[in-house]
Amino acid sequence: MITMHPDKPVLIAGPTASGKSALALTIAERQGGVIVNADALQVFDGWRILTARPDDADLARAVHRLYGHIPFDGDYSVGHWLSDVAPFLQGGERPIIVGGTGLYFNALTQGLAEVPATPDTLRMQANKLNLRDMLEHLDPETRARIDTQNRVRVQRAWEVLQNTGKGLSQWQDETPPPLLPVENATCITLDAPKDWLNDRITRRFDQMLDHGALAEARAMFPGWNPDLLSSKAIGAQELICHLQGELTLEEAREKAIIASRQYAKRQRTWFRSRHRNWHHIPADSLDISATLRFDDNAGD
């Protein structure tokens, strides 16, 4: 049993399609609180369906914040997110922070190094490099800490080294105190079995197509730029390729599902490694909320 105190922030992490948002809604409706986004792609407008942002029915059930508040062609970093989430930790309604971006939770509970911003010219140069070239130029300490299959993380590390002359690992070792230490929150990670999650990923992408994902892609097509952060939404590249005549819709669907499964695998690996001191709940439980005990008295 995990005891839920009404005045204690809640963090809910887990891989894509594992049921995080449903759990957050259950807690908000049962005990109150504002649901705060911790997904790096759901912050952008434009790709609402493909990023599984809350629909109108969910928005009517509870207050949601930091969803779709950044223009699709805007820039956004974990530092921006920490600045945006900080006011929710300073009083008012209890925040229920939910998402699948492990780096956001890590920065929130472990602290974030204050790395100087990357100049646009350097970022444009990095955008043209391949993953292997960037990895070869990283310092060994940084390479050992990051997901070397994740281009966004590798590129960020490369940019930091080129811009500052210091490896990202060195900046991380000089990290200031966190905004929200783990011991000051109720921290929950949803553990999702592979086969169970793969089936949900397939069904969810098909639901996205049924609910207008292709129409969404058509609306985004005139301003499509694969270098934008929002363009990393899984399924966006594949559906745009379909609209460009490079893939059939079925081929785009299959590629998007495979990419989503690969992303979920990376998420599971991250959370197993970084969330050892969090509460872990089986995502395939018939009633996840049954593992929670709601104490409506103020927590310690």
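Up top is the structure.
Definitions and cut-offs
Every chain is numbered on its own, with residues counted from 1 as its sequence reads. Residue-level local features of this predicted model are given only where pLDDT is at least 70; pairs of side-chain atoms are given and counted only at 80 or more, and the full residue set underlies all totals for whole chains, interfaces and linings. Excluded from the side-chain calculations are hydrogens and water; all other atoms, namely the structure's heavy atoms, are used. Secondary structure elements follow DSSP: runs of H or I no shorter than four residues count as helices, runs of E no shorter than two count as strands, and numbering proceeds from the N terminus. Burial classes follow relative accessibility: with a 1.4 Å probe on protein chains only, a residue under 20% of its type's maximum area counts as buried, one over 50% as exposed, and anything between as partly exposed. Contacts are assigned to residue pairs with any non-hydrogen atoms lying within 4.5 Å of each other. Here a salt bridge means any side-chain nitrogen of Lys or Arg lying within 4 Å of a carboxyl oxygen belonging to Asp or Glu. Whether two strands pair comes down to DSSP finding at least two bridges between them. Axes, fitted as lines to C-alpha atoms, cover a helix only where it is in contact. Angles between the N-to-C directions of the axes lie from 0 to 180 degrees. For classification purposes, an angle smaller than 35 degrees is called roughly parallel, one larger than 145 roughly antiparallel, one from 65 to 115 roughly perpendicular, and anything else oblique. Between the rings of Phe, Tyr and Trp (Trp by its six-membered ring), a pair exists once the centres lie within 6.5 Å; its type follows the angle of the planes, with under 30 degrees stacked, over 60 edge-to-face, and the other angles tilted. Throughout this description, the term charge over a ring refers to an Arg CZ or Lys NZ atom that lies within 6 Å of the ring centre and within 35 degrees of the ring normal. The nonpolar core is taken to be a set of buried Ala, Val, Leu, Ile, Met, Phe, Trp, Tyr and Cys residues, with the residues joined through side-chain atoms within 4.5 Å. Between the first and last residue of a helix there are one fewer steps than residues, each counted as 1.5 Å, and that sum is the expected span. Within 3.5 Å is the distance limit for a polar contact, defined as a pair of N or O atoms, with the added protein rule that one can donate a hydrogen and the other accept it, and that residues adjacent in sequence qualify only through two side-chain atoms.

Draft legend 1. Looking closely at the side chain of Q267. Assignment of secondary structure puts Q267 in helix 13 (residues 249–274). The buried category is assigned to Q267, whose relative accessible area is 5%. The residues touching Q267, leaving out its near neighbours within four places in the chain, are G14, P15, T16 and G100.

Draft legend 2. The pattern of salt bridges, seen in detail. Enumeration according to the criterion identifies 13 salt bridges in this entry. Its salt-bridge partner being D58, residue R61 comes within 4.0 Å of it at the nearest N-O pair. Of this pair, R61 and D58 both sit in helix 2 (residues 56–61), separated by three residues, roughly a single helical turn. By relative accessible area, D58 is classed as partly exposed at 22%. We note a salt bridge from D199 to R203, for which the minimum N-O separation is 2.9 Å. With a gap of four residues between them, D199 and R203 both fall in helix 10 (residues 194–210), about one helical turn apart. Residue classification places D199 among the partly exposed residues on the basis of a relative accessible area of 40%. A relative accessible area of 42% places R203 in the partly exposed class. Beyond isolated ion pairs, a larger network of salt bridges with shared partners links D206, E250, R253 and E254.

Draft legend 3. Up close: the sheet that holds strand 3 (residues 34–37). Taken in spatial order, the six strands of this open sheet run 4-3-5-2-6-7, and their pairing is parallel. Both outer strands of the open sheet, strand 4 (64–65) and strand 7 (279–282), are each paired with one neighbouring strand and no more. Pairing between strand 3 and strand 5 (residues 95–99): four bridges, direction parallel. Note that in strand 5 the partner of I35 across the bridge is I96. Strands in contact with helix 4 (residues 102–110) are strand 2 (10–13) and strand 5; relative to strand 2, the strand with the most contacts, it is inclined by about 150°.

Draft legend 4. Structural view of the packing of helix 11 (residues 213–220) against helix 12 (residues 236–243). Contact geometry of helix 11 with helix 12 gives a least axis separation of 10 Å together with a crossing angle of 75°. With respect to each other, helix 11 and helix 12 are oriented roughly perpendicular. Contacts between helix 11 and helix 12 pair A213, L214, A217 and R218 from the former with L239, I240, H242 and L243 from the latter.

Draft legend 5. A look at the packing of aromatic side chains. By the definition in use, this model includes four aromatic pairs. Ring geometry for F105 versus W278: centroids 5.6 Å apart, planes at 85°, classification edge-to-face. Remark: W278 occurs in the loop between helix 13 and strand 7 and F105 occurs in helix 4; sequence separation between them is 173 residues. You'll find F105 and W278 in the same group, each marked buried. It is K166 that lies over the ring of W171; its NZ or CZ is 3.8 Å from the centre. Sitting above the plane of the W270 ring, R274 keeps its charged end 4.0 Å from the centroid.

Draft legend 6. Local environment of the nonpolar core. If you look at the biggest cluster of nonpolar residues, it comprises 44 residues, and the most contacted ones within it are I27, I35, W47 and L292. Residue contributions to this core peak at five residues, all from helix 1 (residues 20–31). In this structure L292 touches M1, I2, M4, L23, I27, I188 and I281, once residues within four positions along its chain are discounted. Listed in part, the 26 residues of the second largest apolar core include V34, L66, L108 and F271.

Draft legend 7. Here's a closer look at the environment of N198. Looking at the secondary structure, you find N198 in helix 10. Judged by relative accessible area, which is 13%, N198 ranks as buried. Sequence separation between N198 and Q162 is 36 residues; the distance between their C-alpha atoms is 38 Å.

Draft legend 8. Expanded view of helix 8 (residues 151–164). Taking 1.5 Å per residue, 14 residues should reach 20 Å; helix 8 reaches 20 Å between its end C-alpha atoms and fits that length. Those residues of helix 8 not exposed but buried are V154, Q155, A157, W158, E159, V160 and L161. For helix 8, the secondary structure elements touched by its buried residues are helix 5 (120–127), helix 6 (131–136), helix 7 (140–145) and helix 9 (168–173). The N-cap residue of helix 8 is N150: its side-chain oxygen and the backbone nitrogen of V152 are 3.0 Å apart.

Draft legend 9. Representation of the pairing of strand 5 within the structure. Of all five residues making up strand 5, five are buried, and the element is well covered by its neighbours. Judged by which residues are buried, strand 5 turns out to be covered on both faces: P95, I97 and G99 on one side and I96 and V98 on the other are all buried. One ladder, built from four bridges, connects strand 2 with strand 5; its direction is parallel. Bridge pairing in strand 5 places V10 opposite I96.

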